[in-house]
Amino acid sequence: MKSIHEKIHKWYKTHGRTDLPWRTVTDPYPIYLSEVMLQQTQVKTVLERYYFPFLEAFPTLKSLGEAPLDAVLKHWEGLGYYNRAKNLHKAAQVLLQKGQAQGIAPTLPSDIDTLFKLPGIGKNTAHAIAAFAFRQPVPVMEANVKRILCRLHRLRTPDEKRLWKLAYGMVDKENPFDYNQAMMDIGATLCIPKDPKCDLCPLESICKGKNTPRTYPLKKKRSVPTREEHIMISVYNDRLALTKRSGKFLHGLWGFASAEVPLCASEPIGEVSHAYTHFKLKCKVWVHHELEPEQESYFTPEEIKDLAVSKVDEKIVKLYLDTIQQ
DNA sequence: CAGTCGTGGGT
DNA sequence: TACCCAAGACT
């Protein structure tokens with residue numbers, strides 16, 4: 001009987017996504033970049049819209065560390081979870097400084113514990129970089145592998161410690177690169193949440209959950225409340241007032257601040273809705289024309305295109321432009 | 001440790 | 001439509 005590692009390997013060579021650009025390079029930096037971009041983000045989005053433009057703008061760890069955060073955020077615009085960009089930039093700065101102290105170009109550490117200490121690199125990303133960039137015999141344990149392990153062992157409520165233990169016990173130490181990539185591909189294309197294709201799965205022979213795969217793992221239900229806000233667009237001389245957001249939410253991006261409803265206001269120009277992970281947002285949008293500049297910075301619509309702006313604020317700008325067109 | 005942090009794909 | 005969920009990290 002063929003070993004499970006052989007089956008996985010054979011499946012990967014035939015059906016794996018072996019041509020993904022971050023799988024055909026050896027430079028740790030683009031591999032690291034891909035791991036961060038892919039956090040909670042589908043391969044398709046990263047591949048078609050973000051990976052190549054970002055690398056073109058910041059081709060090396062050094063160029064990333066030397067770039068202004070605004071430029072990095074602009075290339076992250078629309079990808080979401082902007083703390084990733086902030087932490088990626090911060091990590092590059094830390095490594096750049098470390099390199100300068102030794103008089104060398106910045107490089108990623110290969111040690112998992114050292115990687116783990118860098119901002120934005122958690123346990124899984126540290127393992128992924130170790131396995132993919134440095135070919136270390138360690139498992140990755142992200143959403144795809146997690147779902148596979150839950151089904152293999154019929155676990156309804158995934159316990160992180162147990163899952164890591166199972167992952168370590170299963171990793172192919174002879175070929176950790178192909179093994180880990182294969183596990184993620186199996187999870188992404190076969191062992192999917194709904195209607196998994198068990199008959200095509202190289203793990204079928206060892207899967208305890210194959211009869212009722214959809215019951216592993218148990219899905220959590222979350223309430224999604226709706227928040228209602230009022231947005232006042234301050235306009236002066238055909239320019240819009242935007243401020244740079246601070247705090248954790250959409251940090252570093254430019255946008256419109258939530259405002260109190262002015263008592264003397266006319267009718268709102270419209271409404272904008274946006275769905276976040278934990279709440280839905282409904283914004284009534286108002287316009288206030290100022291006789292003199294009262295905000296810090298105003299931008300023409302053309303200038304706004306050069307700012308990093310979130311999706312809601314993009315919608316608000318569009319609503320404003322559509323309104324003045326008529 | 002449960003809540004927070006974006007957006008778009010797929011159904 | 002409305003919902004689930006995606007190469008998670010941080011607090």
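Residues numbered from 1 in each chain as written. Chains lettered and ligands numbered in written order. Predicted model: local features only at pLDDT ≥ 70, side-chain atom pairs only at ≥ 80, totals over all residues. Heavy atoms only, no water.

Enquirer: Help me understand the packing of aromatic side chains, please; the structure alone is not making it clear to me.
Expert: Each aromatic ring pair is specified by the distance between its two centres and by the angle formed by the two planes. Within the structure shown, the criterion is met by 11 aromatic pairs. Centroid distance F132 to F177: 5.5 Å. Interplanar angle 80°. Geometry classified as edge-to-face. Taken together, the positions of F132 in helix α8 (residues 123-132) and F177 in helix α11 (residues 176-189) put the pair 45 residues apart, joining distant regions of the chain. Site record: aromatic cluster; members linked through ring pairs are W22, Y51 and F52. (Phe/Tyr/Trp six-rings, centres within 6.5 Å; stacked < 30°, edge-to-face > 60°. Helix = DSSP H or I, 4+ residues; strand = E, 2+ residues; numbered from the N terminus.)

Enquirer: Just to check I follow, could you spell out empty space enclosed by the protein for this structure?
Expert: If a probe as big as a water molecule is rolled over the atoms, it shows which places are left empty. Taken as a whole and assessed by the stated rule, the structure comprises two cavities of 30 Å³ or more. By volume, the largest cavity amounts to about 120 Å³. If you trace the largest cavity, you find 15 residues lining it, with R151, C191, C198, C201 and C207 closest to the centre. Broken down by element, the residue count for the lining of the largest cavity peaks at three residues, all from helix α9 (residues 143-152). If you list the elements that add at least two residues to the lining of the second largest cavity, you get α1 (4-15) and α11. (1 Å grid on protein atoms, 1.4 Å probe; cavity = no way out; pocket = protein on both sides within 12 Å on 5 of 7 lines; lining within 4 Å. Points joined across faces, edges and corners; volume = space filled by probe spheres on them.)

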